[in-house]
Amino acid sequence: MLFKGWQRLLQDLIGRAGPFLEIPCVPFAGLCILLWPSVVTCALLSAILSSFFLGIYGAAVVYQETSVQRGLAYVIAAIALFDEYSNDLLYMQEGSCFPRPKYRKESTAVVPPPRPVGPIQKKHPIRVVSFKDTWHDLKSVQVWDNLFQACELYGKRLIQTGAISVYDLQQWKHSDSRILNIGIPAYVLLQCFLRSIKDGAMGFLMSNGSELTEANRPEGRVFEWFFEPMTIMKEQLRALQLQESEELYLCQLALTVGDSKGTKTWDNGGIPPTDEIRRAELHALIRRLQGHCTTLSRMPTFRRRFEDVVKALIEEAVDMQDSSQSSHIGIHVKT
């Protein structure tokens, strides 16, 4: 963990990613490199302290399931889950080397046999496993999957229009391409905002047609952090009452992440407003959206899932190059 953490921080330092993304954060990120051994020591001590609570809950599992084997299975599953999240955080190999055995019985209810006690039978309580948390987990997975599916869909369209080049896809491997890490998610969220405003939706219309509102969104502190700022940005966007040219200009700003070269190479027909105050409002909105996507890109599972999206985009770019080369060869043969 010590050497892998140093390797990750040095890669971010060279590629200006992660904690080194913003210039004011560079001194603090350098302090993180120096104090990383202290962080590893604290993590080791916290792991030792948390092992007591892990053993206590394992004993509770043994008591509930009346099986020592299931208690040991819980401990192994918890270690595997921690190892998987640590690998995601350090950009190591996907998954974990530990198995994740099931430590709960698959039966949802345990009904004891009736036992007559006098003329009146006592009703024994039925232990039922609640599926509330599982339902919320499924909903969060659906929202997460829809985001990456939309990134892949819009990414392929942007490759076809020439907004994303093969160079951008190659630079992503070295953590240098902000157009992919931040630009594509910002572009996808902006399209979601515009689609929801045009349809008059109270929440957010996702790419699969379902609507995400305050009532049906997944519970959890993470979704509260992301849902409320998105709602504020959507209402600010609604209040601006954008024209079509301004919408295209916003899409261009969201994808290029403030890169002047990108705005010149990709002309989607967007025209900046002549009013300086309105232009400043659009730029401020896009900066907030890109900052929101920067926070989103630092989540542990984001890079692993986004890597699959980039692989699909690379295949799309290669297929386009092959088709264009074959078409040029055909034209040359005819001439």
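Here goes a summary of the coordinates provided. Keep in mind that this is a model prediction, so the values were computed, not measured.

Reading guide: rules and limits
Residues numbered from 1 in each chain as written. Predicted model: local features only at pLDDT ≥ 70, side-chain atom pairs only at ≥ 80, totals over all residues. Heavy atoms only, no water. Helix = DSSP H or I, 4+ residues; strand = E, 2+ residues; numbered from the N terminus. Buried < 20%, exposed > 50% of the residue type's maximum accessible area, 1.4 Å probe, protein only. Contact = heavy atoms within 4.5 Å. 1 Å grid on protein atoms, 1.4 Å probe; cavity = no way out; pocket = protein on both sides within 12 Å on 5 of 7 lines; lining within 4 Å. Points joined across faces, edges and corners; volume = space filled by probe spheres on them. Nonpolar A, V, L, I, M, F, W, Y, C, P; charged D, E, K, R; others polar. Salt bridge = Lys/Arg side-chain N within 4 Å of Asp/Glu carboxyl O. Expected span 1.5 Å × (residues − 1). Polar contact = N/O pair within 3.5 Å; in protein donor to acceptor, adjacent residues only side chain to side chain. Patch = residues over 30% accessible without salt bridge, like charges linked within 9 Å, V, L, I, M, F, W, Y side chains within 5 Å. Areas by Shrake-Rupley, 256 points an atom, 1.4 Å probe, with all protein chains shown as cover. Core = buried A, V, L, I, M, F, W, Y, C linked by side-chain atoms within 4.5 Å.

1. A word on the overall build of the chain
At step 1: Check the secondary structure of the chain and you find 12 helices and 4 strands.
At step 2: Within the chain, the proportion of its 335 residues that are buried is 36%.
At step 3: By sequence separation, contacts in the chain at least 24 residues apart represent 65% of the contacts at least 6 residues apart.

2. What about the layout of surface pockets?
At step 1: Estimated volume of the second largest pocket: approximately 920 Å³.
At step 2: Lining the second largest pocket are 38 residues; nearest its centre among them are Ser 140, Val 143, Trp 144, Phe 223 and Met 299.
At step 3: Among the secondary structure elements, those contributing two or more residues to the lining of the second largest pocket are helix H4 (68-89), helix H5 (132-161), helix H7 (178-198), helix H8 (221-240), helix H11 (276-297) and helix H12 (302-334).
At step 4: With 11 residues, the top contributor of residues to the lining of the second largest pocket is H5.
At step 5: Tallied by class, residues from the lining of the second largest pocket come to 23 nonpolar, 6 polar and 9 charged.

3. Considerations on the pattern of salt bridges
At step 1: What the rule picks out here adds up to 6 salt bridges.
At step 2: Among the salt bridges present, the one from Asp 145 reaches Arg 305, with a minimum N-O distance of 2.7 Å. Of this pair, Asp 145 sits in helix H5 while Arg 305 is found in helix H12, placing the two residues 160 residues apart along the sequence.
At step 3: We classify Asp 145 as partly exposed; its relative accessible area is 25%.
At step 4: Residues Arg 238 and Glu 235 are paired through a salt bridge, measuring 3.3 Å at the closest nitrogen-oxygen approach. Of the two residues, Arg 238 and Glu 235 both sit in helix H8, 3 residues apart, roughly one turn of that helix.
At step 5: For Arg 238, a relative accessible area of 29% puts it in the partly exposed group.

4. What about H11?
In an α-helix, one turn spans 3.6 residues; hence positions three or four apart end up facing the same way.
At step 1: Taking 1.5 Å per residue, 22 residues should reach 32 Å; H11 reaches 31 Å between its end C-alpha atoms and fits that length.
At step 2: Residues of H11 that are buried include every one of Leu 282, Ala 284, Leu 285, Ile 286, Leu 289, Gln 290, His 292, Cys 293, Thr 294, Leu 296 and Ser 297, and no others.
At step 3: Two or three places before Ile 277, at the start of H11, stands the capping residue Asp 275, its side-chain oxygen 3.3 Å from that residue's backbone nitrogen.

5. A word on a nonpolar patch on the surface
At step 1: On the surface, Leu 44, Leu 45, Ile 48, Leu 49, Phe 52, Phe 53 and Ile 56 cluster together into a nonpolar patch covering about 800 Å² of accessible area.
At step 2: On the secondary structure map, Phe 53 appears in helix H3 (residues 36-65).
At step 3: The exposure class assigned to Phe 53 is exposed, which follows from its relative accessible area of 62%.

6. Description of the environment of Ala 80
At step 1: With respect to the secondary-structure elements, Ala 80 resides in helix H4.
At step 2: Residue classification places Ala 80 among the buried residues on the basis of a relative accessible area of 0%.

7. Examining the nonpolar core
When a protein is soluble and globular, its nonpolar side chains tend to lie buried together.
At step 1: Ranked by internal contacts, the top residues of the largest apolar core, which has 54 residues, are Leu 180, Leu 190, Leu 237, Leu 289 and Phe 306.
At step 2: Those residues within four positions of Leu 237 in sequence are excluded, and the remaining contacts are Leu 190, Phe 193, Leu 194, Ile 197, Leu 242, Leu 250 and Leu 285.

8. Brief notes about unusual backbone geometry
At step 1: With a phi angle near 50°, Thr 66 is a residue other than glycine that sits in the positive phi range.
At step 2: Checked against the element boundaries, Thr 66 lands in the loop between H3 and H4.
At step 3: A positive phi angle is found at Gln 241, which is not glycine, with a value near 50°.
At step 4: Within the element layout of this structure, Gln 241 appears in the loop between H8 and helix H9 (244-256).
At step 5: Accessibility expressed as a relative area gives 65% for Gln 241, which makes it exposed.

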